[in-house]
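A look at the structure
Each chain, written out:
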Amino acid sequence: MTIRENWALPMARIEEYLQGLEPARQIAEARYAVGGCEICLQPLEESKIGSYAFPRTLVTFSGEEEAVTCFHRQFMIRFLTLGG
């Protein structure tokens, strides 16, 4: 299973989160594994609205369906809340 999403977050912030997760391990540059889910990060060009610029990162979750679904849910809860 693969899920690709364009997030309005800097790649460094996502990497900081992943590096702080005990079950996560870095497997290559901008690539992490959490159980049966692999997370790939790719920086994208900033989005601009007027004088405001927003960072963009393409986040790809791939692997076993159950692992991808579970980690994707955890990721969304982390970054869709005010604490993200």
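Observations regarding the packing of aromatic side chains
Tallying each qualifying case throughout the model produces eight aromatic pairs. On the basis of an interplanar angle of 70 degrees and a centroid distance of 6.2 Å, the ring pair of Tyr 17 and Phe 75 is categorised as edge-to-face. With Tyr 17 in helix H1 (residues 11-20) and Phe 75 in helix H2 (residues 65-79), the pair connects residues that are 58 residues apart, well separated along the chain. Taken as a pair, Tyr 17 and Phe 75 share a single burial class, namely buried. When the ring of Phe 61 is compared with that of Phe 75, the centres are 5.2 Å apart and the planes differ by 75 degrees; the resulting orientation is edge-to-face. Of the two residues, Phe 61 sits in strand S5 (residues 52-63) while Phe 75 sits in helix H2, which places them 14 residues apart along the sequence. Residue Phe 61 is classed as buried on the basis of its relative accessible area of 0%. Overall, Phe 75 belongs to the buried group, its relative accessible area being 0%. Taken together, the aromatic side chains of Trp 7, Tyr 17, Phe 61, Phe 71, Phe 75 and Phe 79 make up a single cluster linked through ring pairs.

Criteria and thresholds
- Residues numbered from 1 in each chain as written.
- Predicted model: local features only at pLDDT ≥ 70, side-chain atom pairs only at ≥ 80, totals over all residues.
- Heavy atoms only, no water.
- Phe/Tyr/Trp six-rings, centres within 6.5 Å; stacked < 30°, edge-to-face > 60°.
- Helix = DSSP H or I, 4+ residues; strand = E, 2+ residues; numbered from the N terminus.
- Buried < 20%, exposed > 50% of the residue type's maximum accessible area, 1.4 Å probe, protein only.

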